[in-house]
Amino acid sequence: MTALARHTDPTTSHEAAQVVRKSTAREDVLRILREHGPLHDRGIEILHDAYVQKGLMVAKSPQRLRTARAELVDERLVWEVEDGTRVRMPSGYAATIWEATNA
């Protein structure tokens with residue numbers, strides 16, 4: 001694994017590097033979708049926060065979770081539900097429903 005902090009960096013840099021190593025946003029999103037079925041991004045975020053509260057995941061921002069989901073879509077590990085179903089959010093916007101592939 002590539003070093004994320006130099007030996008000469010302060011302790012805080014080394015601590016931050018450990019957090020980055022523990023950041024498993026893509027794995028977390030995939031786990032949530034595989035365990036809980038198709039969800040929109042807000043649903044992924046809500047379940048992620050529940051896992052964090054239980055100490056089962058490291059906290060990530062909603063933007064990081066969406067980026068991780070988009071990366072998984074690019075890799076064809078996650079895709080939009082086949083029938084194109086959308087859900088109307090309280091904001092009034094339609095949200096895409098995502099599901100994990102069987103791979």
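Placed above this text is the structure.
In short, a report on the structure. (Residues numbered from 1 in each chain as written. Predicted model: local features only at pLDDT ≥ 70, side-chain atom pairs only at ≥ 80, totals over all residues. Heavy atoms only, no water.)

### Thoughts on the side chain of Thr101
Of note, Thr101 is situated in the segment after strand S4 (98–100). Once residues lying within four places of it in the same chain are set aside, the contact partners of Thr101 are Arg34, Arg76, Leu77, Val78 and Trp79. (Helix = DSSP H or I, 4+ residues; strand = E, 2+ residues; numbered from the N terminus. Contact = heavy atoms within 4.5 Å.)

### Remarks on the packing of helix H2 (residues 25–36) against helix H3 (residues 41–53)
Their axes nearest at 10 Å, the elements H2 and H3 cross at an angle of 100 degrees. With respect to their mutual orientation, H2 and H3 come out roughly perpendicular. Contact residues: Val29, Arg31, Ile32, Leu33, Glu35 and His36 in H2; Ile44, Leu47, His48 and Tyr51 in H3. When its residues are assigned to classes, the contact of H2 with H3 shows six nonpolar, two polar and two charged. (Axes fitted to C-alpha atoms, helices over the stretch in contact; angles between N-to-C directions. Parallel < 35°, antiparallel > 145°, perpendicular 65-115°, else oblique. Nonpolar A, V, L, I, M, F, W, Y, C, P; charged D, E, K, R; others polar.)

### Some details on the environment of Leu30
Checked against the element boundaries, Leu30 lands in helix H2. Counting along the chain gives 42 residues from Leu30 to Leu72, while the straight-line C-alpha distance between them is 7.8 Å. Among all residues touching Leu30, those that are not within four sequence positions of it are Leu72, Leu77, Val78 and Ala100.

### Section: unusual backbone geometry
A positive phi angle, close to 65 degrees, is found at Arg76, a residue other than glycine. By the secondary structure assignment, Arg76 is in the loop between helix H4 (62–74) and strand S1 (78–80).

### Some thoughts on the nonpolar core
One finds Val29, Ile32, Leu33, Ile44 and Val78 to be the most contacted residues of the largest nonpolar core, which totals 15 residues. Contributing elements (two or more residues each) for this core: H2, H3, H4 and S4. Per element, the largest residue contribution to this core is five residues, and it comes from H2. (Core = buried A, V, L, I, M, F, W, Y, C linked by side-chain atoms within 4.5 Å. Buried < 20%, exposed > 50% of the residue type's maximum accessible area, 1.4 Å probe, protein only.)

### As for the pattern of salt bridges
As a working rule, side chains carrying opposite charge can pair if their charged atoms are close by. Applying the stated criterion across every chain yields a total of eight salt bridges. Asp28 is the partner of Lys60 in a salt bridge, and the nearest nitrogen-oxygen pair spans 2.6 Å. Here Asp28 lies in helix H2 and Lys60 lies in the loop between H3 and H4, a separation of 32 residues in the sequence. In terms of burial, Lys60 and Asp28 fall into one category: buried. The shortest N-O distance in the salt bridge between Arg64 and Glu71 comes to 3.9 Å. Residue classification places Arg64 among the partly exposed positions, given a relative accessible area of 29%. (Salt bridge = Lys/Arg side-chain N within 4 Å of Asp/Glu carboxyl O.)

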